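Below, each chain spelled out in residue letters.
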Amino acid sequence: MNGYSSNTEHSIAGIADLVDTILDETSVEEMLKILVERIPSLFSEPENMSVKISWLDEHCESDSYSKPGIILTSDITVNGKKEGFIEIIIAGKDTEIENNADLIHNYEKMLHLISRMISLFFEKRKKVMELDNIEKKMRSYCNKLEDYLFVVNSNGNILDFNTSFETCTGYTAEELHQMNIKDLLTQCSDNFENSPMIKDAAVKGSSTFEFDHRCKSGEIVPMSITCKPLANNDEKTFICVARNISEAKKAELELQESERKYSTIVEKGNDGIIIVQKGLVRFANSKALDITGYEYEDIINERYLKLIPTEDHQRSIEWLNQCNSNIANKAIFHVDLLTKNKQELPVEITGSVIDYEGSEAKLLILRDISERKCIEDILKQERDKLENYLDVAGSIIGIVGVDTNITFVNKKGAEVLGYTKDEIIGASWFDKFLPESVRDITRENFIKVINGEIDPPEYFENLILTKSGEERLIFWHDVPLEDENGKRIGVISSGEDITESRKMEAMLVESENNLKTIFNNIDDLISIHKPHGKFIDVNKAAVSSTGYTKDEMLEMSPKDLVWPGMRPMMDGYTERIMKEKNIIFEIYDVHKNGSLLPHEVNSRLIEYKGEQAIISVARDITERKKAEERLKRYAGELKHSNELKDLFTDIIRHDLLTPASVVKGYTEELIMTINDENALKLAEKVRDNNDRLIELLETATKLAKLQKNEDIVFENMDIVPIFKMVLDSFKTQHEMKEHEIVFTADGPCPSVVNTVIEEVFANLLSNAIKYSPPKSRIEITFSDENNMWKTSVTDFGIGISDKDKPLLFNRFHRADKKGIKGTGLGLAIVKRIIELHGGKYGVEDNPAGHGSVFWVMLKKA
Ligand code: ADP
């Protein structure tokens, strides 16, 4: 056959050979080129043939392709889709010639076969390319994975891995390919195939284990490895995905730690924790249960206010509403918690907002402060006690801080300064309480003490300024206060106010000087001597009147000075002084020149410089002795004058009173007969004045009689009925003035009296009637005054001025009593009679307001 190979098998072999040739060709362009070159050889007349192939975007054609000829085309179809074509041009053939028609027909068949084979090839190639792409893509994905991927066979040899694995292990890819997984995973046994990971993976299809992975650097990285057998392999291989779990491990450890911590805080902490949601307790830790005394079930889902006393509900709700999440800024809530057994327990609560089981809740931390309160109370008590001690202290106590302000002052300090404690505390010591004269220097020294440059003087005197502006002198004792590091933080001062004692000292010095002056200038002889011993001191008078010098006298005893005839008496006197403490005696001392010195000595036992001593004041009684002589003489004369007085009294009684009584009788008769009004008035005046004269004479006689007491006899008599009798005799007078008489006697008042006592009662009663207005009250009372009975006559009359009171009982003293007649002798009689009875008398203002109380006291029987 012409130009056509009849052996189809041969043709197919040629095509297969051609496909094999291009099989390894990677470049499509090159591949097409080979095909264009080699396809003509598959035909019987390759010389007349040119070829053109197009696949996808690539084209290739023979050099002679543009020659005219018969064109045959066949498509390249990949997966049923036309992707290109093969075109051959057969030159120099006339289609009219029959043989040619066969040839062309054969050529067509051949071309079709070729395109079919090439299509299949392309189909396969495309698949490979796709797979290749996928593999590349997958590998790049794998390399991008953070997880480590590696493939091992059942012996543990590393077959493949991604870059993360390389990076993690620190080995190069070459090194890794030579290695066995046992070199990297420390826990892997030699028998890798039988390791639990591989076995599990084979049986279950996948297994996950944690391993410690050793890097090239020696670092151990904990890893979680999931292992899966790879299917479709001749040898058993396993793909492993490993993940660095060091962070997770760390986080887990931290979480465990934190969980432990929180559970410790929540469960074992010292504070109670409760969570409150919508007013209900949703959680309570064991400490909260401890504090409240409730069981968990008693409290969970119960109202939070169950724990709060009713009176604090409002306060508690308000506080709870104010709670926000920022604990630090929040006020602490103090309340007494109501425990299960209805006791109140002081707690301190802090609160914050948390999210609890999906909604807002309040987390409350309760701290039992009962012990702290207790300690606080004890401390407070201690502080108060201490302050009390300091307040009780008689000294001024104060503390001045480094800022020179006062941080403490006790009661005494405040008293002396004249301010309240509040006014003092916090004020500047130097500016407010020290006078300007000492302010700066004291401040300078204080600062030096605080800086540790000097220690305060142990004791010193300084002035302070009180609120009233007065300066007072204080005797100070300062001690620096130090903190635990020895740093000076202030000065504690205790002080005594010595202003007064200083004044006193000055006064004492002055008084001592005065006394000295007196001691030395007094005319009496003053001496101090030891009992039975020598003189310790003598004054100038003693020296000058005895004629001895002071030194000479100090070598002598009082006995040496006494006239020898009287010396034996001196020991007796000394004994008496020691016993009776104070005696007065007369003695004759002897002058140095031998003359006698009559002395009256007043000796007293004293303590002198811690020992017993006798101070004696001796008075020169030469003059008195003379006076005594004179007195004796006068006594005789006096007796004579008393006789004259008696005579005078008798004259009064007999010679004056009798004619006056006669005048009285006649005048009264005269008045009865007179009709003329003027004459009557004159006659009445005569009568009244005569009455006064008689009264005066009678009382004067009485008084004169009373001066002579030798004939008075006393008897035991109840004075109550005596007064009653007197009262009866004044009935007319007090009834005329309509006086209300109140006579009070609790019982008999037996006294030692003479009947003349009536005179006393009569005088007091008549005065009360006389000097008080009509219709007023007069009270007569008897009271018990130890060994005496007191009789008081109280009136509500005009009263007596203080200036008159002391004089009333003197003869003829009359206070200004306008229009009231009297002799001014009545109270003098009272005085004399009471004196004769050894009693007492007096006058006071009526305590009720106006009027007087005249009283007398008489000895009980
Ligand atoms: P007379 O005769 O003046 O009353 P007395 O010696 O009895 O003399 O009293 C002396 C003075 O004391 C009186 O003048 C009168 O001023 C005053 N006197 C005495 N008793 C009272 C009295 N009860 N109330 C006021 N003054 C009195």
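Residues numbered from 1 in each chain as written. Predicted model: local features only at pLDDT ≥ 70, side-chain atom pairs only at ≥ 80, totals over all residues. Heavy atoms only, no water.

## Quick notes on a nonpolar patch on the surface
On the surface, L131, I134, M138 and Y141 cluster together to form a nonpolar patch covering roughly 420 Å² of accessible area. Mapping L131 onto the fold places it in helix α3 (residues 98–144). (Patch = residues over 30% accessible without salt bridge, like charges linked within 9 Å, V, L, I, M, F, W, Y side chains within 5 Å. Areas by Shrake-Rupley, 256 points an atom, 1.4 Å probe, with all protein chains shown as cover. Salt bridge = Lys/Arg side-chain N within 4 Å of Asp/Glu carboxyl O. Helix = DSSP H or I, 4+ residues; strand = E, 2+ residues; numbered from the N terminus.)

## A look at empty space enclosed by the protein
According to the stated counting rule, one finds one cavity of 30 Å³ or more in the structure shown. The space that makes up the largest cavity amounts to roughly 220 Å³. Lining the largest cavity are 22 residues, and of these S527, P558, D589, V601 and S616 lie nearest its centre. Only β20 (525–529), β21 (535–538), α19 (558–561), α20 (567–580), β22 (582–590), β23 (596–608) and β24 (611–620) provide two or more residues apiece to the lining of the largest cavity. For the lining of the largest cavity, the element with the most residues is α20, which contributes four residues. When grouped by side-chain class, the residues that make up the lining of the largest cavity number 15 nonpolar, six polar and one charged. (1 Å grid on protein atoms, 1.4 Å probe; cavity = no way out; pocket = protein on both sides within 12 Å on 5 of 7 lines; lining within 4 Å. Points joined across faces, edges and corners; volume = space filled by probe spheres on them. Nonpolar A, V, L, I, M, F, W, Y, C, P; charged D, E, K, R; others polar.)

## Structural notes on the side chain of S428
As for its position among the elements, S428 is in the loop between α13 (421–424) and α14 (429–433). On the basis of relative accessibility, which here comes to 15%, the residue S428 falls in the buried class. Once you skip the residues sitting within four places of it in the chain, S428 turns out to touch T404, N405 and F433. (Buried < 20%, exposed > 50% of the residue type's maximum accessible area, 1.4 Å probe, protein only. Contact = heavy atoms within 4.5 Å.)

## Examining the sheet that holds strand β28 (residues 777–785)
Taken in spatial order, the five strands line up as β26-β28-β29-β31-β30 in an open sheet, and their pairing is mixed. For this open sheet the edge positions go to β26 (740–744) and β30 (840–845), each flanked by a neighbour on one side alone. Across the sheet, the mean angle separating the axes of adjacent strands is 15° when strand polarity is ignored. The pairing of β30 with strand β31 (residues 852–859) spans six bridges and is antiparallel. What sits directly across from K840, in β31, is M857. Across the sheet, helix α25 (residues 757–770) is in contact with β28, β29 (788–795) and β31; its angle to β31 comes to roughly 170°. (Pairing = 2+ DSSP bridges. Axes fitted to C-alpha atoms, helices over the stretch in contact; angles between N-to-C directions.)

## Quick notes on the sheet that holds β23
Spatial ordering of the open sheet is given by β21-β20-β24-β23-β22, a layout of five strands whose pairing is antiparallel. Of all strands in the sheet, those bounded by a partner on one side alone are β21 and β22. The mean inter-strand angle of the sheet, taken between neighbouring strand axes irrespective of direction, is 30°. Contacts between α20 and the sheet are confined to β22, β23 and β24, with β22 contributing the most and set at about 160° to the helix.

## Details of helix α2 (residues 28–38)
Buried within α2 we find V28, M31, L32, I34, L35 and V36. The opening residue of α2, the one whose side-chain oxygen lies 3.3 Å from the backbone nitrogen of E29, is S27. (Polar contact = N/O pair within 3.5 Å; in protein donor to acceptor, adjacent residues only side chain to side chain.)

## Details of the packing of α25 against helix α26 (residues 826–836)
Between α25 and α26, the shortest axis-to-axis distance is 9 Å and the interhelical angle comes to 145°. Crossing hand, α25 versus α26: left-handed. Only G826, L827, I829, V830, I833 and I834 of α26 make contact with α25, whose side of the interface consists of I757, E759, V760, N763, L764 and N767. When the residues that make up the contact of α25 with α26 are grouped by side-chain class, the tally is eight nonpolar, three polar and one charged. (Left-handed = near helix turned anticlockwise from the far one by under 90°.)

## Some thoughts on the packing of aromatic side chains
This model, assessed by the stated rule, comprises 18 aromatic pairs. With a centroid separation of 5.3 Å and 90° between ring planes, the pair formed by Y419 and F433 is classed as edge-to-face. Of this pair, Y419 sits in the loop between α12 (411–417) and α13 while F433 sits in helix α14, and the two are 14 residues apart along the sequence. You'll find Y419 and F433 in the same group, each marked buried. (Phe/Tyr/Trp six-rings, centres within 6.5 Å; stacked < 30°, edge-to-face > 60°.)

## Observations regarding the environment of K790
Following the sequence through the fold, K790 ends up in strand β29. Residue class for K790 comes out buried when judged on its relative accessible area of 16%. When the C-alpha positions of K790 and C749 are compared, they lie 9.2 Å apart, and in sequence the two are 41 residues distant. Beyond its immediate chain neighbours, meaning those up to four positions away, K790 contacts T781, F782, S783, E785, W855, V856 and M857.

## Comments concerning the layout of surface pockets
The computed volume of the second largest pocket comes to approximately 460 Å³. The wall of the second largest pocket is formed by 32 residues, among which W429, T442, F460, D478 and S493 lie closest to the centre. Looking at the lining of the second largest pocket, the elements with two or more residues in it are β15 (396–401), β16 (406–409), α12, α14, α15 (436–450), β17 (460–465), β18 (471–482) and β19 (488–497). Its residues placed into classes, the lining of the second largest pocket shows 24 nonpolar, six polar and two charged.

## Quick notes on the side chain of N180
Tracing the backbone through its elements, the reader meets N180 in the loop between α5 (173–177) and α6 (196–204). In this structure the side chain of N180 is engaged in a polar contact, spanning 3.0 Å, whose partner is the side chain of N157. Polar contacts involving the side chain of N180 include one to the main-chain amide nitrogen of K182, which spans 2.9 Å.

## Here we look at the confidence of the model for the protein
Mean pLDDT over the protein works out to 83, with 88% of the residues at or above the 70 mark. Segment residues 1–6 is flagged for pLDDT under 50; beyond a separation of four residues in sequence, or across chains, it makes 15 contacts in the model. (pLDDT = per-residue confidence, 0-100.)

## So, a negative patch on the surface
Among the surface-exposed residues, E29, E30, E37, D57, E58, E61 and D63 lie close enough to one another that they form a single negatively charged patch. Listing elements by their share of the negative patch, those giving two or more residues are α2 and β2 (58–61). Ranked by residues supplied to the negative patch, first place goes to α2 with three residues. (Lys, Arg positive; Asp, Glu negative; His and termini not counted. Charge placed at Lys NZ, Arg CZ, Asp CG, Glu CD.)

## Structural notes on the pattern of salt bridges
All told, the structure shown has 34 salt bridges when counted by the stated rule. Between R472 and E470 there is a salt bridge whose closest N-O contact spans 2.6 Å. The class for E470 is partly exposed, based on a relative accessible area of 33%. K592 is the partner of E552 in a salt bridge, and the nearest nitrogen-oxygen pair spans 3.3 Å. Highlighted residues: E552 in helix α18 (residues 550–554) and K592 in the loop between β22 and β23, separated in sequence by 40 residues. By relative accessible area, E552 is classed as partly exposed at 32%.

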